[in-house]
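Secondary and tertiary structure notes
Now for the letters of each chain:
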Amino acid sequence: MLMPRRTKFRRSFRGHRRGAAHSGNTVVFGEWGLQAQTTAWVDARQIESARRAITGTLRRGGKVWIRIFPDKPVSKKPVEVRMGGGKGATDRWVAVVKRGRVMFEVAGVPEAAVREAFRKAHHKLPVDTKVIGKEDAYQ
């Protein structure tokens, strides 16, 4: 599971998720990319599940890049605990994904295989996605 080795602060605010991604919105490393069309928090488990769907479909061919990393701690208090007593412990780690962000990239495989792999990965993610090529950009 992806998570940072250490962080400056143990807990963080929720923050704002509005707007489009200013960086990471083009295909840089591979030939094809899976781009987010909506904004969401993507859990470390969801990233790993999508990665396994992509690598399993490509049958270990080509190269896969993960362009997002879960570096935001999300805290949660236990069930049936009274109000007060401070902020809860870290429950999971999420990556803040804004619309336009390229989450995964693939190179070295045919387009049909890439589209099938990204279709399976799309079902594991909480965002709407689209497949883009090296020359495509977010509108």
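Just above sits the structure.
Residues numbered from 1 in each chain as written. Predicted model: local features only at pLDDT ≥ 70, side-chain atom pairs only at ≥ 80, totals over all residues. Heavy atoms only, no water.

Observations regarding helix H2 (residues 111–122)
- Here H2 is twelve residues long and its end C-alpha atoms lie 16 Å apart, about the 16 Å a rise of 1.5 Å per residue gives.
- The complete set of buried residues in H2 reads Val 114, Ala 117, Phe 118 and Ala 121. Here the buried residues of H2 occupy an arc of 95° about the axis, which is enough to place them on one side.
- Structurally, H2 contributes buried residues whose contacts are with strand S1 (32–36), helix H1 (44–57), strand S6 (102–107) and strand S7 (129–133). (Helix = DSSP H or I, 4+ residues; strand = E, 2+ residues; numbered from the N terminus. Expected span 1.5 Å × (residues − 1). Buried < 20%, exposed > 50% of the residue type's maximum accessible area, 1.4 Å probe, protein only. Arc of directions from axis to C-beta. Contact = heavy atoms within 4.5 Å.)

Side note on a positive patch on the surface
- Among the surface-exposed residues, Arg 10, Arg 11, Arg 14, Arg 17 and Lys 87 lie close enough to one another that they form a single positively charged patch.
- By the secondary structure assignment, Arg 14 is in the segment before S1. (Patch = residues over 30% accessible without salt bridge, like charges linked within 9 Å, V, L, I, M, F, W, Y side chains within 5 Å. Areas by Shrake-Rupley, 256 points an atom, 1.4 Å probe, with all protein chains shown as cover. Salt bridge = Lys/Arg side-chain N within 4 Å of Asp/Glu carboxyl O. Lys, Arg positive; Asp, Glu negative; His and termini not counted. Charge placed at Lys NZ, Arg CZ, Asp CG, Glu CD.)

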